[in-house]
Amino acid sequence: MMSSNSLPITEEAIVRALQDPNSCIGKCDAWWFSFIKILRFERLLSLFAFRCEELDLLVTFPMVVQGHLKNALIMAQRQADHLKYEVSLLSDSIKTVTPQCLYLKGAAYCLANMTVSKGRLFSDIDVLVPKECLDKIEKSLLFKGWLSKPINDYDERYYREWAHEIPPLVQSRRGTVVDIHHNLVPPISGKAPDIEAFLSQTMHVNGVTVLKPHAMLLHSCIHLIFNETFKQAHRDLYDISSIIKDYGNSTFWDEVIRLAKETGFYKELFLGCRYSSKKLGYELPPKLISDVPYTSAKLMLLDLVMLKALSPHHPLCKVPGRGVANFLAWARGHWCKMPLMLLIYHLSIKSGRALAQSILGKHFFDAEGTPK
Amino acid sequence: MEKKLPWRKNWKRCLTEIMPKKLGKYIEEGVIYHAFSDQSGVTFYSTVSNEVFVAAVSENNLRAAFHLKNEMTVDVSNIVSALVKQGFIKTEWH
Amino acid sequence: MALSSFVLNTHPFSFRVSTDIEQIVESVKLLYGDAVELDSRISLPSYEIKIKHTSVARKLFKPQSQFFCDQREPFLPMPIDKCLAMFEWGLNWVVSAHEFRHVILHSAVLAKGDKAVLFPAPPGSGKSTLTSWLSHNGWRLLSDEMALMTPNTTQITPFVRPICLKNNAIALAKEWFPDGRFSHISPNTHKGDVIHLSPPQASWHERFNTAEVVAIVYPQYSTSTFCDIYELTKAEAFSTLTTNAFNYGVLGGTGFTTLTNLVEKCQTFEVKYNNLEELQSFLENDVL
């Protein structure tokens, strides 16, 4: 939804601004108006704010911009402060059932005090537990006021039977959301890694268990490529870049490549790093680049689709040819996650809804997804 | 063993000197304590859990606020342990 | 109607508003006066707002309006007769969801000169009636619902907006202020019937000037009580205040110290009254 006098900004300009915030000095008001909106939508505003603060740039920007950046910094800081507490309570509940409690993604970056966590907002806390403990853990959390987010019947079945998660749980008083996983991709796709391979690559830091950085990179790549909706995937490219920048030495690359091949996710590692490096403009080591798991024709096709799907999705960031690319990437995301017959069923239900929604408005279905 | 002193005699001292001293460790590490200047009560805030506790000052209120069965001593260690028991303070958070 | 835009230049934030709802354009112009800039020189507003009809098909049988802050839609669509209420609540949402440089209290705040009184009050306490009365009787309105307090001070930054009156207060206000700038009624919202009243010019003129809070007053309209005043202890005052503050949680320790500081520097009163002039007299003579 765009106003007629909004200035579109190219993806290259956005990336340049994030990599080199100094280049934003002197930009016109119309540019800033669009830029702030795009960043906020892509969940990159606090990252930009953090980088600008480190370079002492805030005072050089217009007052309105300074305000937005300060707000973003306060929000990100508050989230980080709060996480320690939430994780402590969560761990207490989970440990009454099982000692295996592995924190993933944003929560893990923050708990391990990694650079990638600075200025990074996360909406949910992701934690991995043994599959057989899921029910007991859900019950244990229920006692502490953690309830399922209200979703429709169809999506609830998708979560429980087909996907790799029980539905997200919300703490009724504090509003925190936790996603409890038992694997990193859905087992039904036949592609789930032997979880033990990942569990042997963990470290204990600040009282919690998280993956080692090389395993975090692999998980981040898997998550990026096995995505269902690419709406906010652009931000994940920055996660990948940050982990590589901080830890990417020779040993690191040997370990991540070995783990990727061992678990059957080398393609995902390759693609995730490829797209992050292409989009954000940095180099990858020869041992990764030279080992290409696709024919050049297939790679070209993938690039065509994925490079567009992984661009920012805000309407003010125009990317030609996007509509088709998104659909293909979305279909690919689903295809990765479940067998063909189930996929067709899933797609036909989902697209039936989508059709109804586009004619009658998004809210034809109420919060539970039942037609009004 | 510290002698039990009646609240009324040492009220102000208790609120403004002794409590902060006893809670010192937590105060350094993220609990903010404030004793109201009209001696109507005290309040604690945990920067980690974002919880606020307000206690009004009559002995009964204070005991009720901290769910204490026994009498309080000037030692106030039972207030600290009550706060810990209720999960308001956890040593590993601070 | 095609999509039309204007800038709403309300201090300390500005909003670029686009809408295809004629009622919104008319009402906002009426209620906000000079703060509405059709040909604005502001090229960098704080936020982008859109309030529009839902889909074409909907427009035909059950017209509804939708509110957007850029790409985000915080509410479910509402029937079109409530679009103005939706607009006002939308602005409240935008500020409370994004602004953390102030401690935001769910409270009216009015001042005489530079001395302000906070009136936090739950719904049904008659606060808006009091707000509309005082703002038309020598006091200036800084805010009807959201008091913006600078952290670790008692300073309020005005955020002047129309006063929201509900149910019984509507008839009273129309009787007292026959020349008042009232919007149409938004019927049967979850708060009942709702109408908006623009505060007098004096409030708009002074909207760039901060004020210092000197007292906190909890007004409670009571038909059988002339004017009973009860002063709260600081612990009671603080405790009640924390249930009214919006966002002290996001601000963490700063929010907490701001509120303890406020309670220390000010007196807090509960007032049960049925006579507005008496209450006003108490405020002007004993409180300020």
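Residues numbered from 1 in each chain as written. Chains lettered and ligands numbered in written order. Predicted model: local features only at pLDDT ≥ 70, side-chain atom pairs only at ≥ 80, totals over all residues.

A word on the overall build of chain C. When helices and strands are tallied, chain C shows 10 helices and 17 strands. Compactness check: chain C gives a C-alpha radius of gyration of 19 Å against a globular reference of 19 Å for 288 residues, within 12% of the reference. The C-alpha extent of chain C, read off along each of the three principal axes, is 60 × 40 × 30 Å. The buried share among the 288 residues of chain C stands at 47%. Taking all contacts inside chain C whose residues are at least 6 apart in sequence as the whole, residues at least 24 apart take part in 70%. (Helix = DSSP H or I, 4+ residues; strand = E, 2+ residues; numbered from the N terminus. Rg over C-alpha atoms; globule rule 2.2 N^0.38 Å. Buried ≥ 20, exposed ≤ 12 C-beta atoms within 10 Å, placed from the backbone. Contact = placed C-beta atoms within 7 Å.)

Our focus in this paragraph is the overall build of chain B. When helices and strands are tallied, chain B shows 4 helices and 3 strands. Counting from the amino terminus, chain B carries its helices and strands in the arrangement α-α-β-β-β-α-α. Going through the 94 residues of chain B one by one, you find that 28% of them count as buried. Long-range pairs, those at least 24 residues apart, make up 39% of the contacts in chain B with a sequence separation of at least 6.

What follows deals with the nonpolar core. Among the nonpolar cores identified, the biggest contains 91 residues, and Val109(C), Leu110(C), Ala116(C), Leu142(C) and Ile156(C) are the most heavily contacted of them. Built from parts of two domains, this core gets at least three residues from each of domain 1 (4-98) and domain 2 (103-287) of chain C. Aside from chain neighbours lying at most four places away, what touches Leu142(C) is Val109(C), Leu110(C), Ala111(C), Ala116(C), Ile156(C), Pro158(C), Val160(C) and Ala211(C). Counting residues in each nonpolar core, the second largest holds 86 residues, with Leu83(A), Leu111(A), Leu128(A) and Leu316(A) among its members. (Core = buried A, V, L, I, M, F, W, Y, C linked by C-beta atoms within 7 Å. Domains from an automatic or database assignment.)

Here we take up the interface of chain C and chain A. Many authors give the size of an interface as the accessible area that is lost as the parts come together. Each partner contributes to the interface: chain C provides 23 residues, whereas chain A provides 22 residues. For the side of chain C that touches chain A, the per-class residue count stands at 7 nonpolar, 9 polar and 7 charged. (Nonpolar A, V, L, I, M, F, W, Y, C, P; charged D, E, K, R; others polar.)

Moving on: unusual backbone geometry. Residues His11(C) and Pro12(C) are joined by a peptide bond in cis, for which omega reads -5°. By the secondary structure assignment, Pro12(C) is in the loop between strand E1 (4-8) and strand E2 (15-19). Even without glycine at this site, Asp56(A) takes up a positive phi of about 60°. Mapped onto the elements of the fold, Asp56(A) is located in the loop between helix H3 (45-54) and helix H4 (63-95). Residue classification places Asp56(A) among the exposed residues on the basis of 8 C-beta atoms within 10 Å. One non-glycine residue, Lys105(A), lies in positive phi territory at about 50°. As for its position among the elements, Lys105(A) is in helix H5 (residues 105-111).

So, about the packing of helix H9 (residues 213-225) of chain A against helix H11 (residues 250-263) of chain A. All names here are of chain A. Running from amino to carboxyl end, H9 crosses H11 at an angle of 50°, the nearest separation of the two axes being 9 Å. Judged by the angle between their axes, H9 and H11 are oblique. In the crossing of H9 with H11, the sense of the turn from one axis to the other is right-handed. Across the interface between the two elements, Pro-213, His-214, Ala-215, Leu-217 and Leu-218 from H9 touch Phe-252, Glu-255, Val-256, Leu-259 and Ala-260 from H11. When grouped by side-chain class, the residues that make up the contact of H9 with H11 number 8 nonpolar, 1 polar and 1 charged. (Axes fitted to C-alpha atoms, helices over the stretch in contact; angles between N-to-C directions. Parallel < 35°, antiparallel > 145°, perpendicular 65-115°, else oblique. Left-handed = near helix turned anticlockwise from the far one by under 90°.)

On to the sheet that holds strand E5 (residues 64-69) of chain C. Spatially, the 6 strands line up as an open sheet ordered E3-E1-E2-E4-E5-E6 (chain C), and their pairing is mixed. Pairing within the sheet leaves two strands with one partner each, and these edge strands are strand E3 (36-37) and strand E6 (78-79) of chain C. (Pairing = 2+ DSSP bridges.)

Take the sheet that holds strand E5 (residues 177-181) of chain A next. Residue and element names in this part refer to chain A. The 7 strands lie next to each other as E3-E4-E5-E2-E1-E7-E6, forming an open sheet whose pairing is mixed. The sheet terminates laterally at strand E3 (146-148) and strand E6 (202-205), the two strands that pair on one side only. Shown here is a sheet whose adjacent strand axes are inclined to one another by a mean of 40°, direction ignored. Packed onto the sheet, H4 meets strand E1 (102-104), strand E2 (124-128), E5 and strand E7 (208-211) and runs at close to 35° relative to E2.

For the rest of this paragraph, the subject is the pairing of strand E13 (residues 186-189) of chain C. Taken together, the 2 bridges between E13(C) and strand E14 (residues 192-197) of chain C define a ladder with antiparallel strand orientation. If you follow Ser186(C) over to E14(C), its bridge partner there is Val194(C).

What follows concerns the packing of helix H12 (residues 266-280) of chain A against helix H14 (residues 296-309) of chain A. All names here are of chain A. Contact pair H12 / H14: the axes reach a minimum separation of 11 Å and the direction vectors enclose 60°. The angle between H12 and H14 falls in the class oblique. As for how H12 packs across H14, the hand of that crossing is right-handed. Across the interface between the two elements, Leu-271, Tyr-275 and Lys-278 of H12 pack against Leu-302, Met-306 and Leu-307 of H14. For the contact of H12 with H14, the class distribution of residues is 5 nonpolar, no polar and 1 charged.

Before going further, it helps to examine the domain arrangement of chain C. Residues and elements named next belong to chain C. Domain boundaries assigned for chain C yield domain 1 (4-98) and domain 2 (103-287). Distance from the C-alpha centre of domain 1 to the C-alpha centre of domain 2: 25 Å. Contacts between domain 1 and domain 2 engage 17 residues on the former and 24 residues on the latter. Counting only elements with at least two residues in the side of domain 1 that touches domain 2, the list comes to helix H1 (22-32) and helix H3 (83-98). The biggest single contributor to the side of domain 1 that touches domain 2 is H3, with 6 residues.

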